Every structure is written in structure tokens, then in C-alpha cells.
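Residues per chain, in single letters:
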Amino acid sequence: MPIIYLSPSTQEGNFYVNGGTEEEWMNRLADAMVPYLQASGIRYVRNTPDMTAADAIRASNAGNYDLHLALHSNAAPESAYGQVRGILVFYYPTSIEGRRASVLMADNLKVIYPLPNNVRAEGTTAIGEVRRVRAPSVFLELGYHDNPDDAAWVKNNLDAIARNLVLSLTEHFGIPFLEPRSPRSAVVDVNWGYLNIRSRPSTSAPVIARAYDGAALTVINQWQRWYLVQFDNVVGYASSDFITLI
């Protein structure tokens, strides 16, 4: 299953025109994303508010991530303060996966942002969390926090934005988008040695773990006749025909 480095803004000095900071609201957005990430089986490691962008870059590069996702909001130059609206989704120009993820996110955000023509994906070499990370990177500027309408849109639509971003991630990684639900305890129930746990809900997907008959599992979610399960530290898909809920 995919794993991302989730990097909400640590810029506590960037103030929203209607209250709060970029750091506060982007971390609230990351909080809102977590249930959707977990529900769809996307693992994540997250920065902390006391870190800097340089710290996040080092932490991301120390791991092996499928995507680096930075959450930010924008600000117009002083001469245009409060007058600019829109969403920018940045990627590194030569990164095929970064560009693909960015275009997906931009296209999906157009559905929920009030001014869809003001949403675009754009290549850049000027942003450290795009240029200096090893993983494919997406750097989001989710509206302008100096603009009252954009600031209100972010603050009033955290869940919708979070859901939209995770939907884009599932499309990018080729896995089902699943709504959050309560986990269930379960056991493997097979008449042979073990049950394969796979990286995708398909018998052709790679096997990432094997759970023997009677082994305890946690069922996180369900897609068609597949359960999304956690077995020890592994999250993957297994056939629901051979799992008994308890």
C-alpha cells in the first residue's frame, strides 16, 4: 500500500485575514485528511508544527515515500493584498509522477472550488519542498489567506477539501476511495495454510504478507468482495470470503 509524507505548513507568521494562521488551518486540514487516508489504506508520516520546511525535507528524504504532499495557502503581494483568488498546485517540471498527481488534484479541486478557472497545476523549481525532496512532490497553495472569500472557503470546507485530496491520492495510486468506517476485529478462516494479503484488491496484485488460519486481523474497510485489513504492521487487501468477523 502507498505511503506519503504529509507536510502541512509550519508558517505560524502567515495570518488569515479572518483569524488564525496558515500553520493552524493547514494542520487542521491535515487532521481532516487522516480518517480518509486511513479508510483507504494510505499510510502516512507527518511533520510537526515545531519543524521547519528544511526539517520536513530532511525527514521526507530519510524515508521511502511514494509522494511528498505539502499543504499551504497563498498570499498576494502587498500591492494586490486581498484582491487575488485561486489555487496553485506545484510540481517539479521533470517529475512524471509529481506532475500526474498535481494535475489530478487540480482537476478534482475544480469541482469544489468556487472559481474553477482559477485552479491550475504548474511546474516550478523555486520551492524547496518541490525541488529538494527525493519523492515525487505536490505543493498545494489552497487559496489566498489574505482574501476574505478564499480564507472563508478554506475554513468552512476543511472536510470537503480533505476528502477531495484523498480521492485524488487514491486515483493517483490506483486504489479504491473508501469512506471512513469503524474497524472490526476478525480472524483468518481458511482450510489450507495461509491467506494472501495483497497491495491492491486483485488476485494479480503483489502479495505483501501471509496470514495463517486463525490469525487475528483488523478489518479497516471493504471494497466489493475484498477487505482492507491490518495484519501486524501491514495494511493490505484480502478476500472477504476467507475472513470471519468477530
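In the block above lies the structure referred to throughout.
Bear in mind the structure is a predicted one, so any value in this text is a computation, not a measurement.

So, how was this worked out
Residues numbered from 1 in each chain as written. Predicted model: local features only at pLDDT ≥ 70, side-chain atom pairs only at ≥ 80, totals over all residues. Heavy atoms only, no water. Pairing = 2+ DSSP bridges. Helix = DSSP H or I, 4+ residues; strand = E, 2+ residues; numbered from the N terminus. Axes fitted to C-alpha atoms, helices over the stretch in contact; angles between N-to-C directions. Contact = heavy atoms within 4.5 Å. Salt bridge = Lys/Arg side-chain N within 4 Å of Asp/Glu carboxyl O. Buried < 20%, exposed > 50% of the residue type's maximum accessible area, 1.4 Å probe, protein only. Right-handed = clockwise from strand over helix to strand, strands pointing away. Expected span 1.5 Å × (residues − 1). Parallel < 35°, antiparallel > 145°, perpendicular 65-115°, else oblique. Left-handed = near helix turned anticlockwise from the far one by under 90°. Nonpolar A, V, L, I, M, F, W, Y, C, P; charged D, E, K, R; others polar. Polar contact = N/O pair within 3.5 Å; in protein donor to acceptor, adjacent residues only side chain to side chain.

Draft legend 1. Molecular detail of the sheet that holds strand S6 (residues 137-144). With mixed pairing, six strands are arranged side by side in an open sheet as S2-S1-S3-S6-S4-S5. With one partner strand each, in any of the chains shown, strand S2 (43-46) and strand S5 (119-123) form the two edges of the open sheet. Neighbour-to-neighbour, the strand axes of the sheet open up by a mean angle of 20 degrees, direction not taken into account. Against the sheet, helix H6 (residues 158-173) engages strand S1 (3-8), strand S3 (67-74) and S6, with an angle of about 150 degrees to S3.

Draft legend 2. Spatial organisation of the pattern of salt bridges. Considering all chains together, one arrives at nine salt bridges under this definition. Residue Arg100 pairs with Glu97 through a salt bridge whose shortest N-O separation is 3.1 Å. Linking Arg100 with Glu97, this pair stays in helix H3 (residues 96-112), spanning three residues, or about one helical turn. Note on Arg100: relative accessible area 36%, which makes it partly exposed. Judged by relative accessible area, which is 33%, Glu97 ranks as partly exposed.

Draft legend 3. Highlighting the pairing of S5. Where strand S4 (residues 87-91) meets S5, five bridges bridge the pair, whose relative direction is parallel. Of the residues in S5, the one forming a bridge with Tyr91 is Gly123. The β-α-β motif built from S4, the intervening H3 and the parallel element S5 has right-handed crossover chirality.

Draft legend 4. H6, seen in detail. Its 16 residues place the ends of H6 23 Å apart at the C-alpha level, agreeing with the 22 Å of an ideal helix rising 1.5 Å per residue. Within H6 the residues assigned to the buried category are Leu158, Ile161, Ala162, Asn164, Leu165, Val166, Ser168, Leu169, Thr170, His172 and Phe173. Buried positions along H6 lie against S1, helix H1 (22-39), S3, H3, S6 and helix H5 (148-156). In the stretch just after H6, Gly174 is the one whose phi turns positive, near 70 degrees.

Draft legend 5. Looking closely at H3. For H3, which comprises 17 residues, the first-to-last C-alpha distance of 25 Å matches the rise-based estimate of 24 Å (1.5 Å per residue) to within 8%. Buried within H3 we find Gly98, Ala101, Ser102, Leu104, Met105, Ala106, Asn108 and Leu109. The elements touched by buried residues of H3 are S3, S4, S5, S6 and H6.

Draft legend 6. Structural detail: the packing of H1 against H6. Axis separation between H1 and H6 bottoms out at 8 Å; the angle between their running directions is 55 degrees. With respect to their mutual orientation, H1 and H6 come out oblique. Once H1 is placed against H6, the crossing between them reads as right-handed. Here Trp25, Arg28, Leu29, Ala32, Met33, Tyr36 and Leu37 of H1 come into contact with H6, specifically with Leu158, Asp159, Ile161, Ala162, Arg163, Leu165, Val166 and Leu169. Taken together, the residues of the contact of H1 with H6 break down into 12 nonpolar, no polar and three charged.

Draft legend 7. Up close: the environment of Ser9. Its place among the elements puts Ser9 in the loop between S1 and H1. Once the C-alpha coordinates of Ser9 and Ala70 are considered, the two residues, 61 residues apart in sequence, prove to be 7.1 Å apart. Those residues in contact with Ser9, other than ones at most four positions away along the chain, are Glu22, Glu23, Met26, Asn27, Leu71 and His72. A distance of 3.0 Å separates the side chain of Ser9 from the backbone nitrogen of Gln11, its partner in a polar contact. Separated by 3.1 Å, the side chains of Ser9 and Glu22 make a polar contact.

Draft legend 8. Here's a closer look at the environment of Glu179. With respect to the helices, strands and loops of the structure, Glu179 is situated in the loop between H6 and strand S7 (184-188). A C-alpha to C-alpha distance of 8.5 Å links Glu179 and Pro35, two positions 144 residues apart in sequence. Not counting the four nearest positions on each side in its chain, Glu179 is found in contact with Tyr36, Ala39, Arg163 and Asn221.

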